[in-house]
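# What the coordinates show
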Amino acid sequence: MALPFYNGLTKDHDKAFVELKGADHFTFASPNTTVAEYSIAWLKRFVDNDTRYDQFLCPAPGDPNTVAFQITCPL
C-alpha cells in the first residue's frame, strides 16, 4: 500500500522504502531491531547530516528481514 506513495515522491528529495517480512500495523509498536537500525541510520544521515551513516543505507542492505528495500542513495 505504501509503495505507490513512495513512487509518487519527487526526485527532489532523498527517500527510502523498507518492507519487512511478516510485518503488520503493530510491528512498530514493539521493539524491532531491523526498524531501529534503518530508522536511526536514516535520521542520523538526513536530520543530523552525518555522512558516516551512508554506509548503513547505501548500497541497499541485503537484510534477510526485509522483503523490499529501495532508496535514493545520496552518495
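Residues numbered from 1 in each chain as written. Predicted model: local features only at pLDDT ≥ 70, side-chain atom pairs only at ≥ 80, totals over all residues. Heavy atoms only, no water.

Taken as a whole, the largest pocket encloses approximately 510 Å³ of empty space. Together, 18 residues line the largest pocket, and Phe-17, Val-18, Glu-19, Leu-20 and Phe-28 are the ones closest to its centre. Counting only elements with at least two residues in the lining of the largest pocket, the list comes to β1 (16-20) and α2 (33-46). Of the residues contributing to the lining of the largest pocket, the split by class is 13 nonpolar, three polar and two charged. (1 Å grid on protein atoms, 1.4 Å probe; cavity = no way out; pocket = protein on both sides within 12 Å on 5 of 7 lines; lining within 4 Å. Points joined across faces, edges and corners; volume = space filled by probe spheres on them. Helix = DSSP H or I, 4+ residues; strand = E, 2+ residues; numbered from the N terminus. Nonpolar A, V, L, I, M, F, W, Y, C, P; charged D, E, K, R; others polar.)

For Asn-49, which is not glycine, the phi dihedral falls at a positive 60°. Tracing the backbone shows Asn-49 in the loop between α2 and α3 (54-57).

Our focus in this paragraph is the side chain of Lys-15. Turning to its location among the elements, Lys-15 is positioned in the loop between α1 (3-8) and β1. Given the relative accessible area of 11%, Lys-15 is considered buried. Looking at Lys-15, its side chain comes within polar contact range of the main-chain oxygen of Leu-9, at 3.3 Å. If sequence neighbours within four positions are ignored, Lys-15 has contacts with Tyr-6, Asn-7, Leu-9, Trp-42, Gln-70, Ile-71 and Thr-72. (Buried < 20%, exposed > 50% of the residue type's maximum accessible area, 1.4 Å probe, protein only. Polar contact = N/O pair within 3.5 Å; in protein donor to acceptor, adjacent residues only side chain to side chain. Contact = heavy atoms within 4.5 Å.)

Below, the discussion takes up the environment of Val-35. Inspection of the secondary structure puts Val-35 in helix α2. What makes Val-35 buried here is its relative accessible area of 19%. The sequence separation of Val-35 and Gly-22 amounts to 13 residues, and the corresponding C-alpha distance is 13 Å.

Attention shifts here to the confidence of the model for the protein chain. Residues at a pLDDT of 70 or more form 97% of the protein chain, whose mean pLDDT is 82. Within the protein chain, the lowest mean pLDDT, 76, falls on strand β2 (residues 66-71), and the highest, 88, falls on α2. (pLDDT = per-residue confidence, 0-100.)

Glancing now at the environment of Lys-21. By the secondary structure assignment, Lys-21 is in the loop between β1 and α2. When its relative accessible area of 54% is taken as the criterion, Lys-21 is described as exposed. When the C-alpha positions of Lys-21 and Phe-5 are compared, they lie 19 Å apart, and in sequence the two are 16 residues distant. The residues touching Lys-21, leaving out its near neighbours within four places in the chain, are Pro-64, Asn-65, Thr-66 and Val-67.

Enumeration according to the criterion identifies three salt bridges in this entry. Its salt-bridge partner being Lys-44, residue Asp-48 comes within 2.8 Å of it at the nearest N-O pair. Here Asp-48 falls in the partly exposed class, since its relative accessible area comes to 46%. For Lys-44, a relative accessible area of 27% corresponds to the partly exposed category. A salt bridge links Asp-54 to Arg-45, with the nearest nitrogen and oxygen atoms 2.4 Å apart. We classify Arg-45 as buried; its relative accessible area is 10%. (Salt bridge = Lys/Arg side-chain N within 4 Å of Asp/Glu carboxyl O.)

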